[in-house]
Amino acid sequence: MGPAVRDGRAADGGAQGSTLSANLDVPDWTAATLPGWHIAAILGGMLAATALAAVLAKGEPDEPAPGSQAPPVLRLRSGQRAVWVSRVVNRGLTVAVVAVFAVTVVMTLLGLRGHGGSLMAAVLPGSVILLVVGLATMAVSVRVGDGLIRIGFGPFGWPARRIRLSSVESAWAERRSPADAGGWGFRGVPGAATIMLRGGECLVLRYRSGGQLAISIDDAERGAALINALVAERAQP
């Protein structure tokens, strides 16, 4: 069972617990209100479940399959500076995020006008959680250059993860499906992780420490070739 599954169960359990707590000791369900701090508590529980799953499930990384093809390498002229940028957007998730955002806005406006208080208490926490998670996973961008591999999340490429090329051993392109990664979104554990927004071409990084990170991204082979070229260039005396 991957961390993403545990996150989903933690969020679901937290939402149910918050709803139950809001309805305790009230004369009627219409009088129930949900404090804002419950949302922060649910998100904190999700992060704690992810960290715990990573610690418990961490193991040795898989060894590369024997007979696999050599990683692609781009030939760079001496002193040549090259940059590779690619981006993938999950269109289905984008539509879902827009729908959840619309629901969140409507619920907020109703609450500000004093209408639908009980409905807002039941729906708003879940919609906020879905909106935050959806925004973080609807798009991913990768930039290679200046000694770094930058992985940006969401429509604005933030937050971002930066990986130094000095920590990468090699890179290659590989076709993977959500079934191979265990589902959509951020899957796996440190040492064998996947960022899966759509099935198909993925950029796979192998760290010098032995771990791997796969990212579903377009034009992955060209990105891998540049990474290998830059890694080789840094290794030269």
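Cut-offs applied
- Residues numbered from 1 in each chain as written.
- Predicted model: local features only at pLDDT ≥ 70, side-chain atom pairs only at ≥ 80, totals over all residues.
- Heavy atoms only, no water.
- Salt bridge = Lys/Arg side-chain N within 4 Å of Asp/Glu carboxyl O.
- Helix = DSSP H or I, 4+ residues; strand = E, 2+ residues; numbered from the N terminus.
- Buried < 20%, exposed > 50% of the residue type's maximum accessible area, 1.4 Å probe, protein only.
- Pairing = 2+ DSSP bridges.
- Axes fitted to C-alpha atoms, helices over the stretch in contact; angles between N-to-C directions.
- Expected span 1.5 Å × (residues − 1).
- Polar contact = N/O pair within 3.5 Å; in protein donor to acceptor, adjacent residues only side chain to side chain.
- Contact = heavy atoms within 4.5 Å.
- Patch = residues over 30% accessible without salt bridge, like charges linked within 9 Å, V, L, I, M, F, W, Y side chains within 5 Å.
- Areas by Shrake-Rupley, 256 points an atom, 1.4 Å probe, with all protein chains shown as cover.

1. A word on the pattern of salt bridges
A side chain with one charge may pair with a side chain of the opposite charge, provided their charged atoms come close.
Right, on to step 1. For the structure shown, the criterion picks out six salt bridges.
Right, on to step 2. Aspartate 218 is the salt-bridge partner of arginine 198, the closest N and O atoms lying 2.9 Å from each other. Taken together, the positions of arginine 198 in the loop between strand E7 (192–196) and strand E8 (200–207) and aspartate 218 in the loop between strand E9 (212–216) and helix H6 (220–235) put the pair 20 residues apart, joining distant regions of the chain.
Right, on to step 3. Taking relative accessible area as the criterion, arginine 198 reaches 19% and is therefore assigned buried.
Right, on to step 4. Residue classification places aspartate 218 among the partly exposed positions, given a relative accessible area of 38%.
Right, on to step 5. Salt bridges linked by common partners bring Arg81, Arg143 and Asp146 together as one network.

2. What about the sheet that holds strand E6 (residues 185–189)?
Right, on to step 1. Within the open sheet, the five strands sit side by side as E5-E8-E9-E7-E6. Their pairing is mixed. For this open sheet the edge positions go to strand E5 (168–176) and E6, each flanked by a neighbour on one side alone. In this sheet, neighbouring strand axes are inclined to one another by 15° on average, regardless of whether the strands run parallel or antiparallel.
Right, on to step 2. For E6 and E7, the ladder comprises five bridges, and the chain directions are antiparallel. Of the residues in E7, the one forming a bridge with glycine 188 is alanine 193.

3. Notes on helix H3 (residues 91–112)
Right, on to step 1. Compared with the 32 Å implied by 1.5 Å per residue over 22 residues, the 32 Å span of H3 between its first and last C-alpha is a close match.
Right, on to step 2. If you check the start of H3, you find a side-chain oxygen 3.2 Å away from the backbone N of glycine 92, and it comes from asparagine 90.
Right, on to step 3. Backbone geometry just downstream of H3 places glycine 114 in the positive-phi region, at approximately 80°.

4. Thoughts on the sheet that holds strand E4 (residues 160–164)
Right, on to step 1. Pairing is antiparallel across the open sheet formed by four strands, whose spatial order is E1-E2-E3-E4. Edge positions in the open sheet fall to strand E1 (84–89) and E4, since each of these has one partner strand only. The mean inter-strand angle of the sheet, taken between neighbouring strand axes irrespective of direction, is 10°.
Right, on to step 2. Pairing geometry for strand E2 (residues 139–145) and strand E3 (residues 148–153), over six bridges, is antiparallel.

5. A look at unusual backbone geometry
Right, on to step 1. The omega torsion of the bond from tryptophan 158 to proline 159 falls at 5°, within 30 degrees of zero and hence cis.
Right, on to step 2. By the element assignment, proline 159 lies in the loop between E3 and E4.
Right, on to step 3. Despite not being glycine, aspartate 146 shows a phi value in the positive range, around 55°.
Right, on to step 4. Looking at aspartate 146, the relative accessible area reads 53%, which means it is exposed.
Right, on to step 5. Here aspartate 219, not a glycine, exhibits a phi torsion of approximately 55°, which is positive.
Right, on to step 6. By the secondary structure assignment, aspartate 219 is in the loop between E9 and H6.
Right, on to step 7. For aspartate 219, a relative accessible area of 35% translates into the label partly exposed.

6. Re the environment of alanine 224
Right, on to step 1. As for its position among the elements, alanine 224 is in helix H6.
Right, on to step 2. Counting along the chain gives 52 residues from alanine 224 to tryptophan 172, while the straight-line C-alpha distance between them is 5.0 Å.
Right, on to step 3. When near neighbours in sequence (up to four residues on either side) are disregarded, alanine 224 contacts Pro72, Ala171, Trp172, Ala173 and Leu203.

7. Things to note about the side chain of arginine 187
Right, on to step 1. Relative to the assigned elements, arginine 187 resides in strand E6.
Right, on to step 2. Classification of arginine 187 by relative accessible area gives buried; the value is 11%.
Right, on to step 3. At 2.6 Å, the side chain of arginine 187 forms a polar contact with the backbone oxygen of glycine 182.

8. What to know about the environment of leucine 74
Right, on to step 1. Looking at the element boundaries, leucine 74 is found in the loop between helix H2 (37–57) and E1.
Right, on to step 2. The partly exposed category is assigned to leucine 74, whose relative accessible area is 34%.
Right, on to step 3. Between the alpha carbons of leucine 74 and leucine 230 there is a distance of 8.7 Å; along the sequence they are 156 residues apart.
Right, on to step 4. Residue contacts for leucine 74: discarding those within four places in its chain leaves Ala225, Leu226 and Ala229.

9. Structural notes on a nonpolar patch on the surface
Right, on to step 1. A grouping of Phe101, Val105, Leu109 and Leu112 is seen on the molecular surface, where their side chains present a nonpolar patch of about 410 Å² in accessible area.
Right, on to step 2. Residue position: leucine 109 is located in helix H3.
Right, on to step 3. On the basis of relative accessibility, which here comes to 47%, the residue leucine 109 falls in the partly exposed class.

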